[in-house]
Amino acid sequence: MTKNIAVIRGDGIGPEIVEQALKVLNKVAEIYGHTFNYTDVDMGGCAIDKWGNPLPEEMLKKCVESDSVLLGAVGGEKWNSVPGDMRPEKGLLRLRAGMGVYSNNRPAKIWKQLADASPLKKEIVDKGIDFIIVRELIGGIYFGEHKTDEENGEKKAVDVLAYTESEIERIGRIGFETARKRNKRLCSVEKSNVLDSSRLWKAVMHRLAEEYPDVELSDMLVDNCAMQIVKNPAQFDVIVTENMFGDILSDEASMITGSIGMIPSSSLGASSCGLYEPIHGSAPDIAGMDIANPIGTILSAAMMLRYSFDMPEEADAIENAVSAVLDDGFRTADIMSDGCKKVGCCEMGKLIISKLERK
Ligand code: IPM
Ligand code: MG
């Protein structure tokens, strides 16, 4: 198969982790006889420096016209003082909205080899951590009105959190469908004791539940969910939640699995053209030092093969290669533990490639 992939290296550690993921994709192409064409896209701080805009229109166009997009990370100290709608992160939000990818899928799964890297007690980890956060990605407070003005002689800032029924329904369906393919338990997370948008969220989820009688729906307030994720993560199968709650809970969930550096994500909308990115940031403090963990990005590339290109065997091959390298005791700094062998970003990529083979 021939696939055109838009590649956004981005800022900070972005270029080095994406480089490793591309090498892995090239090896997969060679083994399975595919052709992957790459188109470079500037987004984030590097695009601000080059074009004065975190995502110029023609860059968005390249993404929308591709078969899928692979992204490293954007942002950094350097651009912290630019105006809000010109920040690197704004490029990412415009990309998500422009591609229409409303459903962000973030797995929280403990790798057995990394159980020691989890900050949770062994007895909690041993009960198993394997759930998915389905995060609404192009609505809610991220996309409501943002403004700061003066009122009664002081500054006042406003961010609007709004959801329509149809926006909730389309992400709710993804939650139910995802649960249906797994252990059939869906937990809808909101703050319905305080927010109108959450009360609507909850009502829509319950209406949808009638269409999915095989899926067990439960409700949880977001503050309680934050607590339950560290107290008893084994209770979760699929969590569905709005944009900002999903942002916060997915960072928490990643940490209990050992390292945020391991977690990939997929974002999909109505078409098969998806956006694939690790959930961690650009980590400018370690950029260019060859110590970043490329696994989150490599696993994002695997998700691209699985969900957008319908190449499950190739995706399995990448995931198995990662597992085999961890079995051999190789670790990047963020997941290092006693008795293991510490390697850098490039070396980790090379090791994973060396384990790739056709079944
Ligand atoms: C994420 C990130 C982004 C978000 C930032 C960089 C805008 O934290 O993908 O989780 O908040 O969505
Ligand atoms: Mg985040």
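Residues numbered from 1 in each chain as written. Chains lettered and ligands numbered in written order. Predicted model: local features only at pLDDT ≥ 70, side-chain atom pairs only at ≥ 80, totals over all residues. Heavy atoms only, no water.

### Here's the deal with the overall build of the chain
Working step 1: The helix and strand tally for the chain stands at 12 helices and 14 strands.
Working step 2: Expressed as lengths along the three principal axes of its C-alpha atoms, the size of the chain is roughly 60 × 50 × 40 Å.
Working step 3: Counting every position in the chain, which comprises 359 residues, the buried fraction comes to 53%.
Working step 4: Here the contacts in the chain between residues at least 6 apart in sequence split such that 75% fall between residues at least 24 apart.
Working step 5: Looking at the chain as shown, the accessible area adds up to about 15500 Å², and 51% of this sits on carbon and sulfur atoms.
Working step 6: Within the chain, one finds 42 positive and 56 negative side-chain charges whose respective centroids are separated by 3 Å. (Helix = DSSP H or I, 4+ residues; strand = E, 2+ residues; numbered from the N terminus. Buried < 20%, exposed > 50% of the residue type's maximum accessible area, 1.4 Å probe, protein only. Contact = heavy atoms within 4.5 Å. Areas by Shrake-Rupley, 256 points an atom, 1.4 Å probe, with all protein chains shown as cover. Lys, Arg positive; Asp, Glu negative; His and termini not counted. Charge placed at Lys NZ, Arg CZ, Asp CG, Glu CD.)

### Regarding the side chain of asparagine 243
Working step 1: In this fold, asparagine 243 is placed in helix α9 (residues 243–256).
Working step 2: Classification of asparagine 243 as buried rests on a relative accessible area of 0%.
Working step 3: Setting aside residues up to four positions removed in sequence, asparagine 243 forms contacts with Arg135, Glu136, Leu137, Ile138, Gly139, Tyr142, Phe143 and Tyr163.

### Quick notes on the domain arrangement of the chain
Working step 1: Along its sequence, the chain is carved into domain 1 (1–111 + 258–359) and domain 2 (119–256).
Working step 2: In total, about 2000 Å² of surface goes out of reach between domain 1 and domain 2, with carbon and sulfur atoms giving 60% of it.
Working step 3: The three residues of domain 1 that bury the most area against domain 2 are Tyr102, Arg106 and Ala108, which together make up 35% of that side's buried surface.
Working step 4: Run the count over domain 1 and domain 2 and you get 0 salt bridges.
Working step 5: Counting across the interface, domain 1 meets domain 2 through 8 residue pairs in polar contact (both at pLDDT 80 or more).
Working step 6: Among the elements that make up the side of domain 1 that touches domain 2, the one with the highest residue count is strand β4 (residues 103–109) (7 residues).
Working step 7: Each residue belonging to the side of domain 1 that touches domain 2 can be placed in one class, and the counts come to 10 nonpolar, 7 polar and 4 charged. (Domains from an automatic or database assignment. Buried area = accessible area lost by both parts, 1.4 Å probe. Salt bridge = Lys/Arg side-chain N within 4 Å of Asp/Glu carboxyl O. Polar contact = N/O pair within 3.5 Å; in protein donor to acceptor, adjacent residues only side chain to side chain. Nonpolar A, V, L, I, M, F, W, Y, C, P; charged D, E, K, R; others polar.)

### What about the layout of surface pockets?
Working step 1: For the largest pocket, the calculated volume is near 940 Å³.
Working step 2: Together, 29 residues line the largest pocket, and Pro107, Ile132, Met303, Arg306 and Tyr307 are the ones closest to its centre.
Working step 3: For the lining of the largest pocket, the elements supplying multiple residues, two or more each, are β4, β5 (130–136), α6 (165–181), β11 (266–268), α10 (295–308) and α11 (312–327).
Working step 4: Split by residue class, the lining of the largest pocket holds 12 nonpolar, 8 polar and 9 charged.
Working step 5: As a volume, the second largest pocket reaches approximately 420 Å³.
Working step 6: For the lining of the second largest pocket, the elements supplying multiple residues, two or more each, are β3 (68–73), α4 (88–99) and α9.
Working step 7: Grouping the amino acids of the lining of the second largest pocket by side-chain chemistry returns 11 nonpolar, 6 polar and 7 charged. (1 Å grid on protein atoms, 1.4 Å probe; cavity = no way out; pocket = protein on both sides within 12 Å on 5 of 7 lines; lining within 4 Å. Points joined across faces, edges and corners; volume = space filled by probe spheres on them.)

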